[in-house]
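Per-entry structural report
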Amino acid sequence: MTRLALAVFPGINWWLTLLKSDDCEIELCENWVKQSSRSRYEISGANRRLQLAIPTSKHSRKRLVDVEIDYREPWMNLHWRSLTSTYNKSPFFDYYKDELHDLIFAQPKLLTDFSKESIEWLSRHLQLTEKVRYTEEYVRGVEADFRNEIPQEKTLEYNQVFEQQIGFLPNLSALDLLFNTGPEAGALLYSVSST
């Protein structure tokens, strides 16, 4: 059995690990781990990687399933401006932007709900047929435990928006892959995961 951490708009290596596993579950039953992919994702910026974080309410940070999103600051506007300024010139951003906008501005109470929605949205648009499953209890000592660190897979390379200025940036959020390769994104993930 393989366990992956719940993530917001997971990175490419997260998806490759999921696709390579015959029996994979995403962990919901753990304690909160701050400053991790559970509340952050990375995209390309014009000069470097950009890490976008979803703020959480401090009083709710005990168990992952109880963590509430903090809406006192308009973080959705920052995320949306960063995504549009980065991917506005990518080949496929226009095709996905309206749905993505609705997802980012949906304002669910719990971080787990937002994360699940981001995973399901990406899974659908990456045309992945694997059913994403979530844990119902925390188990120690699983065979392939990637709740804290995901293995560095073979790099999946594709054309990125700012590649000529800053070079290729591996393992960004799968949003980057989707906006740059469109309907081919899922096939690229499958091709790398099968080697």
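Up top you'll find the structure we're talking about.
Our subject in this report is the structure included herewith. Every value quoted in this text rests on a predicted model; they were computed, and no experiment measured them.

1. Describing the pattern of salt bridges
- Going through the model one piece at a time under the given rule, you end up with eleven salt bridges.
- Here D23 makes a salt bridge to R133, at a shortest N to O gap of 2.6 Å. With D23 in the loop between α1 (12–20) and β2 (24–27) and R133 in the loop between α4 (111–125) and β5 (144–146), this pair connects stretches of sequence that are 110 residues apart.
- The exposure class assigned to D23 is partly exposed, which follows from its relative accessible area of 29%.
- Taking the shortest distance from any N to any O, the salt bridge between E30 and R38 comes out at 2.6 Å.
- On the basis of relative accessibility, which here comes to 8%, the residue E30 falls in the buried class.
- Look at R38 and you get buried, because its relative accessible area is 3%.

2. Examining the state of the cysteines
- Per the stated rule, a full pass over the model turns up zero disulfides.
- Not engaged in a disulfide, the cysteine C29 finds its nearest cysteine sulfur in C24; these two sulfurs lie 14 Å apart.

Cut-offs applied
- Residues numbered from 1 in each chain as written.
- Predicted model: local features only at pLDDT ≥ 70, side-chain atom pairs only at ≥ 80, totals over all residues.
- Heavy atoms only, no water.
- Salt bridge = Lys/Arg side-chain N within 4 Å of Asp/Glu carboxyl O.
- Helix = DSSP H or I, 4+ residues; strand = E, 2+ residues; numbered from the N terminus.
- Buried < 20%, exposed > 50% of the residue type's maximum accessible area, 1.4 Å probe, protein only.
- Disulfide = S-S within 2.5 Å.

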